[in-house]
4 protein chains.
Amino acid sequence: MKNSYNKIAGHDIGRMVAISDAVFGVAMTLLVLEIKVPEVHGNDKELAIAFLKLMPKFLVYFLSFITAGIFWMGQAAQLEHIKKSDRNLIWINLLFLLFVSVLPFTTAFLGDYIDHNFAIGIYWLNIFLLGLMLYINWTYATRHGFIEQEIEAGVSEAIKRRIVVSQSLYLGGALLCFINSYLAIAVIIAIELNYAFAFFKGRR
Amino acid sequence: MKNSYNKIAGHDIGRMVAISDAVFGVAMTLLVLEIKVPEVHGNDKELAIAFLKLMPKFLVYFLSFITAGIFWMGQAAQLEHIKKSDRNLIWINLLFLLFVSVLPFTTAFLGDYIDHNFAIGIYWLNIFLLGLMLYINWTYATRHGFIEQEIEAGVSEAIKRRIVVSQSLYLGGALLCFINSYLAIAVIIAIELNYAFAFFKGRR
Amino acid sequence: MKNSYNKIAGHDIGRMVAISDAVFGVAMTLLVLEIKVPEVHGNDKELAIAFLKLMPKFLVYFLSFITAGIFWMGQAAQLEHIKKSDRNLIWINLLFLLFVSVLPFTTAFLGDYIDHNFAIGIYWLNIFLLGLMLYINWTYATRHGFIEQEIEAGVSEAIKRRIVVSQSLYLGGALLCFINSYLAIAVIIAIELNYAFAFFKGRR
Amino acid sequence: MKNSYNKIAGHDIGRMVAISDAVFGVAMTLLVLEIKVPEVHGNDKELAIAFLKLMPKFLVYFLSFITAGIFWMGQAAQLEHIKKSDRNLIWINLLFLLFVSVLPFTTAFLGDYIDHNFAIGIYWLNIFLLGLMLYINWTYATRHGFIEQEIEAGVSEAIKRRIVVSQSLYLGGALLCFINSYLAIAVIIAIELNYAFAFFKGRR
């Protein structure tokens, strides 16, 4: 029975894509609920000061958004080449989405305890698990022939190499917390921004 | 009038799929709002302890996500074969989505009262209603000829049998609460994980 | 300039459908956040009593879901026949979605003040505005030739008549609040359930 | 490596559209959570007074919805002509969505401090950044040949001109705050409503 069900379940890549966009869309927008309008009784200057105090929350929100964007693009790049799926591949992607959903929490956790190595470790763990699921996703899909035929030989390796390289950088950055936690954060942020905004350099 | 409206309403399976993905995506992500960043004034060790205290909430979140994933896949597997719909079929699916939406509540309810038979009963009821709606969905669709022609004879029976078997297991697990509530939970979780991660075994 | 922009804006019905499903999906799921797990220190019986006290909230949630479902289907039935759009038609649909978004509020408002005519009036107003926008939507689309050619003559009239008849029933139900507010609610609920579950009768 | 990845990432406009609809849908609906059912112990008149006190919140919600709708349509009008994408274009759109997500915050901020120039400035900044991203989006897409071939010469200029004209109007409106803050708000609202509901005039 299990086999026959496995056969019928989840061939439709379209639904996997749709649930991914829904989860990413909600996760990307939810955090804004954490930024509350400050209560101020005063003039413009005092309001501006109260607003500036929210900057760390906006920064955390921004980072959460960038991280989500990076992994959304990473998954999109893979799914563009994946033409078929089975139950296993869907569960790999659902677990990936699970780690997307907790991203707002781990980013907020980091925002509140930016000088604690433990918070950096948890944040790094989330990024690591996201990368791991993408790696498993691609490996599983290639091994089971779910990839489109006409893919260039180099692309498959490039996808895997990219994950390994970026994850090594994230790990290296996180380990810097034993020297200085702010340094670790700064390096992780720099790596993220580098991946997200590489095009600023690439355009010249 | 009712008949003519019935004819024009809801032939588009695509919208039924889209609203399902939206509801599932939101339900899967909403619960993370319940996990609040703890307030700690101390060093890394104290922060780690505060974080570990959140583990039950993460476990509940994980379970909620897995249960949603199981039924999302179950519905997807059915809708892949259903090529037409009428108003009734859409309402069956909307009721199914209603029970998806309350899943975060019942899971959290279970998480808070894990040693109460009543909470186990409510959680089981939710799973039962989800399974019931899927069963009604498939039965209605097959009886009214909404299924694609080329479906293999065995598939239709396999879908129904799968629901009955899994629901019997869930019921059996829930009834174990009269011996020991933790045993009941453990068995329900084991059944869920078995359905979700069956592939770990299947791959060998 | 306005004309040339009007020409380029919004021909894609697909996006209008997608934003509708997103708004409906979120609105349908959001309300569950209002149902909090009760805090109980006691045995199963006490937990069951605390749970039963949540029943009005679940009823309100159920009603909100049904109302959303009715209007989601109403819009879907129209959009199935609408093949083109312009900026105006999109704004009509966005206003429709605005009234979908406030539905959770008005339903909760009714739930808390079920014995106040004012709350019944607000709830009725919401239903009325939803129906009004659907009526405007269909009228505008037919007048501007956005409907598919092959539509049967009777269908267009049936869609409009259906809105007028159901809205008259809702208004009549709401006016009963001057006799007894509970009677008004009961009749509105009965009308909704009749539209939603008409098929239970229709199948015999 | 970066180039080869750039080649494989993000050609699928469909996902960019889907994540946009998800973010817009959530952002448009989230704010309703801020409108709480008032607690009143009294008759209909007192309930009506409590309800009327919520009007500013409803107005803010309405404005937030209209602004989101304006920019949703603006993006949709552009994406209709954009047939290809690369990583850069996707990031431009993700940043656009970032500014969509904070819209509920800035609108609520304005609602609470409607007589402070600073709040008007922040609100204007949000609108400006949304317009800026749309301008960059279109400029980038045209320069890199991602636009469909058959576009009329005038359309591309009309899209850019429209952004510049509307943004100039918003800036002019915002600057009026140095005369009177309510006047500035009123003019911004008037500009928004003019863009949203231009059709009321256009139909005559």
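Everything quoted here is computed from the prediction, not taken from an experiment.

**Describing the overall build of chain A**
Item 1. Across its full length, chain A carries 9 helices and 0 strands.
Item 2. What you see in chain A, going N to C, is helices and strands ordered as α-α-α-α-α-α-α-α-α.
Item 3. The burial tally for chain A puts 47% of its 204 residues in the buried class.
Item 4. Partitioning the contacts of chain A with sequence separation of at least 6, the portion at a separation of at least 24 is 76%.

**Considering the interface of chain D and chain C**
Item 1. Taken together, the contact between chain D and chain C spans 33 residues of the former and 36 residues of the latter.
Item 2. Among the secondary structure elements, those contributing two or more residues to the side of chain D that touches chain C are helix 2 (13-30), helix 3 (44-52), helix 4 (55-79), helix 8 (153-175) and helix 9 (181-202) of chain D.
Item 3. No other element matches helix 2 of chain D, which puts 9 residues into the side of chain D that touches chain C.
Item 4. Its residues assigned to classes, the side of chain D that touches chain C comprises 24 nonpolar, 4 polar and 5 charged.

**Digging into the relation of the copies chain A and chain B**
Item 1. Take chain A, turn it by 90 degrees, move it 0.0 Å along the axis, and it overlays chain B with an RMSD of 0.0 Å. Here the copies are linked by what is in effect a four-fold axis. No C-alpha of chain A lies nearer the rotation axis than that of Ala-22 of chain A, which sits 4.0 Å from it.

**Quick word on the interface of chain A and chain B**
Item 1. The interface is formed by 36 residues belonging to chain A together with 34 residues belonging to chain B.
Item 2. Where the side of chain A that touches chain B is concerned, the elements lending two or more residues are helix 1 (2-8), helix 2 (13-30), helix 5 (87-101), helix 6 (103-112) and helix 7 (117-143) of chain A.
Item 3. Looking at the side of chain A that touches chain B, the element that brings in the most residues is helix 2 of chain A, giving 8 residues.
Item 4. Considered class by class, the residues forming the side of chain A that touches chain B number 24 nonpolar, 7 polar and 5 charged.

**Observations concerning the relation of the copies chain D and chain C**
Item 1. Superposition of chain D onto chain C requires a rotation of 90 degrees combined with a translation of 0.0 Å along the rotation axis, giving an RMSD of 0.0 Å.
Item 2. Of the residues that chain D buries at the interface, just 9% are likewise interface residues in chain C, meaning the two copies contact each other through different surfaces.

**Side note on helix 8 of chain D**
Item 1. Between its first and last C-alpha atoms helix 8 of chain D spans 34 Å; for 23 residues at 1.5 Å apiece the expected length is 33 Å, and the two agree.
Item 2. Within helix 8 of chain D, the full set of buried residues consists of Ile-159, Arg-162, Ile-163, Tyr-170, Gly-173 and Ala-174 of chain D.

**Structural notes on the environment of Leu-89 of chain D**
All names here are of chain D.
Item 1. Relative to the elements of secondary structure, Leu-89 occurs in helix 5 (residues 87-101).
Item 2. According to the C-beta neighbour criterion, Leu-89 is buried, with 22 such atoms within 10 Å.
Item 3. With 77 residues separating them in the primary sequence, Leu-89 and Ser-166 have C-alpha atoms 23 Å apart.
Item 4. Look past the residues within four positions of Leu-89 in its chain and what remains in contact with it is Tyr-140, Ala-141 and Phe-146.

**What to know about the environment of Ala-174 of chain A**
Item 1. Looking at the secondary structure, you find Ala-174 of chain A in helix 8 (residues 153-175).
Item 2. Along the chain, Ala-174 of chain A and Gln-75 of chain A lie 99 residues apart, while their C-alpha atoms are 23 Å from each other.

**Side note on the confidence of the model for chain A**
Residues and elements named next belong to chain A.
Item 1. The predicted model of chain A has a mean per-residue pLDDT of 84, with 90% of residues at 70 or higher.
Item 2. Here helix 1 is the element of chain A with the lowest mean pLDDT, 42, and helix 7 is the one with the highest, 94.
Item 3. Per-residue pLDDT stays below 50 along residues 199-204; that stretch engages in 3 contacts with residues further than four places along the chain or on separate chains.
Item 4. The ipTM assigned to the predicted complex is 0.84, against a pTM of 0.88.

**A short note on the packing of helix 4 of chain D against helix 6 (residues 103-112) of chain D**
Residue and element names in this part refer to chain D.
Item 1. Two elements in contact, helix 4 and helix 6, have axes separated by 9 Å at closest approach and are oriented at 140 degrees. If you check the angle between helix 4 and helix 6, you find them oblique. Crossing angle aside, the handedness with which helix 4 passes helix 6 is right-handed. Residues Pro-56, Val-60, Leu-63, Ser-64, Thr-67 and Ala-68 of helix 4 form the contact with helix 6, whose participating residues are Leu-103, Pro-104, Thr-107, Ala-108 and Gly-111.

**A closer look at the nonpolar core**
Item 1. Membership of the largest hydrophobic core comes to 262 residues, with the highest contact counts inside it found for Val-100 of chain B together with Val-100 of chain C.
Item 2. Apart from residues no more than four positions distant in its own chain, Val-100 of chain C is found in contact with Val-23, Phe-24, Ala-27, Ala-68 and Phe-71 of chain C.

**Some thoughts on helix 2 (residues 13-30) of chain C**
Item 1. Taking 1.5 Å of rise per residue, the 18 residues of helix 2 of chain C would be expected to cover 26 Å, and the 26 Å separating its terminal C-alpha atoms lies within 8% of that figure.
Item 2. The buried fraction of helix 2 of chain C is high, at 16 of 18 residues.

**Notes on the packing of helix 3 (residues 44-52) of chain A against helix 7 (residues 117-143) of chain D**
Item 1. One way to put it is that helix 3 of chain A packs onto helix 7 of chain D with a least axis distance of 8 Å and a crossing angle of 45 degrees. Taken together, the axes of helix 3 of chain A and helix 7 of chain D are oblique relative to one another. Residue-level inspection shows Asp-44, Leu-47, Ala-48 and Phe-51 of chain A of helix 3 of chain A in contact with helix 7 of chain D, the latter providing Asn-117, Phe-118, Ala-119 and Ile-122 of chain D.
Item 2. Classifying every residue of the contact of helix 3 of chain A with helix 7 of chain D gives 6 nonpolar, 1 polar and 1 charged.

What counts, and at which threshold
- Residues numbered from 1 in each chain as written.
- Chains lettered and ligands numbered in written order.
- Predicted model: local features only at pLDDT ≥ 70, side-chain atom pairs only at ≥ 80, totals over all residues.
- Helix = DSSP H or I, 4+ residues; strand = E, 2+ residues; numbered from the N terminus.
- Buried ≥ 20, exposed ≤ 12 C-beta atoms within 10 Å, placed from the backbone.
- Contact = placed C-beta atoms within 7 Å.
- Nonpolar A, V, L, I, M, F, W, Y, C, P; charged D, E, K, R; others polar.
- Least-squares fit on C-alpha atoms with pLDDT ≥ 70 in both.
- Expected span 1.5 Å × (residues − 1).
- pLDDT = per-residue confidence, 0-100.
- Axes fitted to C-alpha atoms, helices over the stretch in contact; angles between N-to-C directions.
- Parallel < 35°, antiparallel > 145°, perpendicular 65-115°, else oblique.
- Left-handed = near helix turned anticlockwise from the far one by under 90°.
- Core = buried A, V, L, I, M, F, W, Y, C linked by C-beta atoms within 7 Å.

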